[in-house]
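Coordinate analysis (summary)
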Amino acid sequence: MGPLALTETAYAKINLALHVRKRRADGYHELETLFAFVDAGDSLTAKICDRDRVTTVGEFAGGIDDPLGNLVAKALAAVPRAQSLDITLEKNLPVAAGLGGGSADAGAVFRMIENLQGLPDDWMERAAKLGADVPSCVRSETAIGRGTGTQLEAADNDLAGTPVLLVNPRVPLATGPVFKAWDGADRGALPGGSAREIAIDGRNDLTAPALSLCPSICDVLAALDAGDAWLARMSGSGATCFALYDDEAARDAASERIAAAHPDWWQLAGKLR
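Residues numbered from 1 in each chain as written. Predicted model: local features only at pLDDT ≥ 70, side-chain atom pairs only at ≥ 80, totals over all residues. Heavy atoms only, no water.

Some words on the nonpolar core
Counting 32 residues, the largest nonpolar core has Leu 44, Val 72, Leu 85, Ile 87, Val 109, Phe 110 and Leu 130 as the members making the most contacts within it. Elements with a contribution of two residues or more to this core: strand S1 (6–23), strand S2 (29–49), helix H1 (71–78), strand S4 (84–90), helix H2 (101–117), helix H3 (123–130) and helix H4 (134–139). Take this core: its biggest share by element is seven residues, from H2. Aside from chain neighbours lying at most four places away, what touches Leu 85 is Leu 6, Ala 46, Lys 47, Ile 48, Cys 49, Arg 51, Asp 52, Arg 53, Leu 76, Ile 113 and Leu 116. (Core = buried A, V, L, I, M, F, W, Y, C linked by side-chain atoms within 4.5 Å. Buried < 20%, exposed > 50% of the residue type's maximum accessible area, 1.4 Å probe, protein only. Helix = DSSP H or I, 4+ residues; strand = E, 2+ residues; numbered from the N terminus. Contact = heavy atoms within 4.5 Å.)

As for the sheet that holds strand S9 (residues 241–244)
Spatial ordering of the open sheet is given by S8-S9-S7-S10, a layout of four strands whose pairing is antiparallel. Each edge of the open sheet is held by one strand with a lone partner, namely strand S8 (231–234) and strand S10 (266–271). Strand after strand, the sheet turns through a mean of 15 degrees between neighbouring axes, direction not considered. Each of strand S7 (163–168) and S10 is contacted by helix H9 (residues 248–261), which is oriented at about 15 degrees to S7, the strand it contacts most. (Pairing = 2+ DSSP bridges. Axes fitted to C-alpha atoms, helices over the stretch in contact; angles between N-to-C directions.)

Thoughts on the layout of surface pockets
In this structure, the largest pocket encloses a volume near 1100 Å³. Lining the largest pocket are 47 residues, and of these Leu 71, Ser 103, Gly 131, Asp 133 and Thr 175 lie nearest its centre. Residue composition of the lining of the largest pocket, by class: 20 nonpolar, 19 polar and eight charged. The volume enclosed by the second largest pocket comes to roughly 160 Å³. What lines the second largest pocket is simply Trp 123, Met 124, Ser 136, Arg 139, Glu 141, Thr 142, Ala 143, Leu 152, Glu 153, Ala 154 and Ala 155. At the level of elements, H3, H4 and strand S6 (151–154) are the ones that each hand at least two residues to the lining of the second largest pocket. Looking at the lining of the second largest pocket element by element, the count peaks at three residues for S6. Split by residue class, the lining of the second largest pocket holds six nonpolar, two polar and three charged. (1 Å grid on protein atoms, 1.4 Å probe; cavity = no way out; pocket = protein on both sides within 12 Å on 5 of 7 lines; lining within 4 Å. Points joined across faces, edges and corners; volume = space filled by probe spheres on them. Nonpolar A, V, L, I, M, F, W, Y, C, P; charged D, E, K, R; others polar.)

In structure tokens form, the structure reads like this:
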């Protein structure tokens, strides 16, 4: 690629807690969530060229219908630039999985442009137009999200380096139907405290509606609960679930046990950023 090659990881996003407070008139939902990011995900490589291009490769490349209509291409179009980029996206994260994969990819593009020329002052507004998770994915740091998820607040991140295991039953689950199946009950605000305290005391209000659409999530949660995790929960609108561990040995033991029992499930082992 030469000296001008740019590389970024699109870090997998998880919601350590996700409280849905109400439906809004515009069709979105008022949320309170604790975003966290795993130190692995999709990979993006870019080089300067004569016009913008996007090439998608990797295990889950087939889940993206239109390479020019995906969030990488939209992120390129969202920020004015003097130079065009030829981006290769290696899609390692499953699509429609509650991991913010497309949003993480868009966030990585924003960071590429930032490294190349800087971002405009209104970058957060530009990112939010691409999706509610995109602003948080640009920085990919543990943060509290409110509103639709775009109003970000700093969090006391005492979970950096925590071993984490992601497991998906390889069943795509679109976000819209899960929110539509939410029962509308406000079960209370996001708790306060450090990231660990919020995670332990919080919940994911989309778990029940997601289970109604994808019962295999129950099997994934049961498999994660069977190990030495101190927290196992569904991420986002599913179907991916995560477990947090005190040490890598416990995480890796759980990963091996689950892989033996469910070789068809997707897994990603890493640490929280």
